[in-house]
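Structural overview
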Amino acid sequence: MITEQAKQMAEFFANHAERVSKPGLDLATKRDMNEGLHVCGTEPEGVTYAEVDAGGVPAMWCIPQGSDTEHVLLHSHNGGTVVLSMHSDRKPAGHLAKATGVRALVVDFRRSPEHQFPAQTEDVDKAHQWLLAQGYRPENIVSSGHSIGGNFAVSLAVRLRDKGVPLPSAILSISPWFDMEMKNATLESNADTDKLLNRPGLEFFRESWIGGTGVRRDDPRVNMLYADLTGLPPTMVYYGEAELLVGEAIEFAQRAKDAGVEVSLHSVPEGQHSFIHGAGRVPEVDKAIEQMGRWVRSKLGLAAMAAA
């Protein structure tokens, strides 16, 4: 049985999806409306924010009071590369940073269709390089993100491995969107339970990102179900049971495990896509974030945090 707060978030998502899908809305209006998703969650207490130029890429620090200064989450937001921003993701990233006890850097990557692939992954790469230039050691960085950001969390590590350079200590991929072919059965079976996503919306995001670029939908640079996952660091995949993308999250986790990656796969009961937006307000989300924080700390070699 899910909590009343979880039901309220699902209802909010449903109302939001209905509003932004009305005919005749231009992209600028849709972007403005989507920024309102942040009201799902609460501001994390004891967390401050600071905007920064991360090697030419706008980014936002989420800084928990008394946080560790040598370790960092490099975090990519959701929105299918088309909508949302570092501002709309500051609350969930702040809660995650607080649960982990380290700073989070939220990357405000360029959006499509104005900037198509590979603009977004180039921006994530630049932010990572900037962190290294600031003195962060590779093994003290965790690559995280949700939805398309969960894709970017993985693809960053794949690119770094291919370059033969040191990798982040871990990957945290939340409600990930991995499959640009969109052929998993849960896109149909969970069509009624996912209140935020729908197939037409995903198709719009996909075409905005890679349409007309010559990049195939099964290209391993954009579709992590086709990527070589060998040698990646420990990876946590966390999804909501109600979301469209359940199937590909599970498939990816199995592929990673088969490739020899240490995988931790978890779900939020009846959880929505990008459930992390409910941080601070939805008990199921807060429980998941606590678990993510403990896992990340263990991979960074940090001692367990005392209970608040």
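Below is a summary of the structure that appears in this document. Remember, it's a predicted structure, so these values are computed and weren't measured experimentally. (Residues numbered from 1 in each chain as written. Predicted model: local features only at pLDDT ≥ 70, side-chain atom pairs only at ≥ 80, totals over all residues. Heavy atoms only, no water.)

For the rest of this paragraph, the subject is the pattern of salt bridges. It is possible for side chains of opposite charge to pair when their charged atoms get near one another. Scanning the model with the defined rule gives 16 salt bridges in all. Across the salt bridge formed by Asp 228 and Arg 161, the nearest N and O atoms sit 4.0 Å from each other. Here Asp 228, found in the loop between helix H7 (199-210) and strand E7 (235-240), pairs with Arg 161, found in helix H5 (residues 148-163); they are 67 residues apart in sequence, far enough to count as distant. Ionic pairing is found between Lys 299 and Glu 262, a salt bridge with its closest N-O pair at 2.4 Å. Here Lys 299 is found in helix H9 (residues 283-300), whereas its partner Glu 262 is found in the loop between helix H8 (246-258) and strand E8 (263-268), with 37 residues between them in sequence. (Salt bridge = Lys/Arg side-chain N within 4 Å of Asp/Glu carboxyl O. Helix = DSSP H or I, 4+ residues; strand = E, 2+ residues; numbered from the N terminus.)

Turning next to the environment of Glu 251. Residue placement: Glu 251 occurs in helix H8. Residue classification places Glu 251 among the partly exposed positions, given a relative accessible area of 28%. A sequence separation of 73 residues divides Glu 251 from Phe 178, and the C-alpha atoms of the two residues are 9.8 Å apart. Sequence-distant contacts of Glu 251, that is, excluding residues within four places in its chain, are made with Asn 184 and Leu 225. (Buried < 20%, exposed > 50% of the residue type's maximum accessible area, 1.4 Å probe, protein only. Contact = heavy atoms within 4.5 Å.)

With that out of the way, let us pick up the packing of helix H1 (residues 4-20) against helix H2 (residues 27-34). Here H1 crosses H2 at 165°, and the two axes come no closer than 10 Å. Accordingly, the angle class assigned to the pair H1 and H2 is roughly antiparallel. Note on packing geometry: the crossing formed by H1 with H2 is right-handed. Where H1 approaches H2, its residues His 16, Arg 19 and Val 20 are matched on the opposing element by Lys 30, Met 33 and Asn 34. Its residues assigned to classes, the contact of H1 with H2 shows two nonpolar, two polar and two charged. (Axes fitted to C-alpha atoms, helices over the stretch in contact; angles between N-to-C directions. Parallel < 35°, antiparallel > 145°, perpendicular 65-115°, else oblique. Left-handed = near helix turned anticlockwise from the far one by under 90°. Nonpolar A, V, L, I, M, F, W, Y, C, P; charged D, E, K, R; others polar.)

As a further point, take the pairing of strand E2 (residues 58-64). The buried fraction of E2 amounts to six of the seven residues, a majority that puts the element mostly inside the structure. Linking two consecutive strands that pair antiparallel, namely strand E1 (residues 47-53) and E2, is a turn of four residues; a positive phi of about 70° is found at Gly 55 within it. The pairing of E2 with strand E4 (residues 102-107) spans four bridges and is antiparallel. The partner of Trp 61 across the bridge, within E4, is Leu 105. (Pairing = 2+ DSSP bridges.)

Here the focus is the pairing of strand E3 (residues 68-76). Here E3 pairs with E4 via six bridges, running parallel. By the bridge assignment, Asp 68 is partnered in E4 with Val 102. Running through helix H3 (residues 90-100), the crossover from E3 to the neighbouring parallel element E4 is right-handed. Direction of pairing for E3 relative to strand E5 (residues 141-146): parallel, over a ladder of five bridges. Its bridge partner lying in E5, Val 72 is registered against Ile 141. (Right-handed = clockwise from strand over helix to strand, strands pointing away.)

On to the layout of surface pockets, then. In this model, the second largest pocket occupies a volume close to 450 Å³. Lining the second largest pocket we find 24 residues, and of these Val 20, Asn 34, Leu 196, Gly 201 and Phe 205 sit closest to its centre. Secondary structure elements with two or more residues in the lining of the second largest pocket: H1, H2 and H7. Among the elements that take part in the lining of the second largest pocket, H7 stands out by supplying five residues, more than any other. For the lining of the second largest pocket, a count of residues per class yields 12 nonpolar, 11 polar and one charged. (1 Å grid on protein atoms, 1.4 Å probe; cavity = no way out; pocket = protein on both sides within 12 Å on 5 of 7 lines; lining within 4 Å. Points joined across faces, edges and corners; volume = space filled by probe spheres on them.)

Let us look at the environment of Val 263. Mapped onto the secondary structure, Val 263 falls in strand E8. Using a relative accessible area of 28% as the deciding quantity, one classes Val 263 as partly exposed. Between the C-alpha atom of Val 263 and that of Ile 171, which follows or precedes it by 92 residues, the distance is 9.6 Å. For Val 263, the contacting residues outside a window of four places in its chain are Thr 235, Ala 253, Ala 256 and Lys 257.

Any functional reading would require information that these geometric values do not contain.
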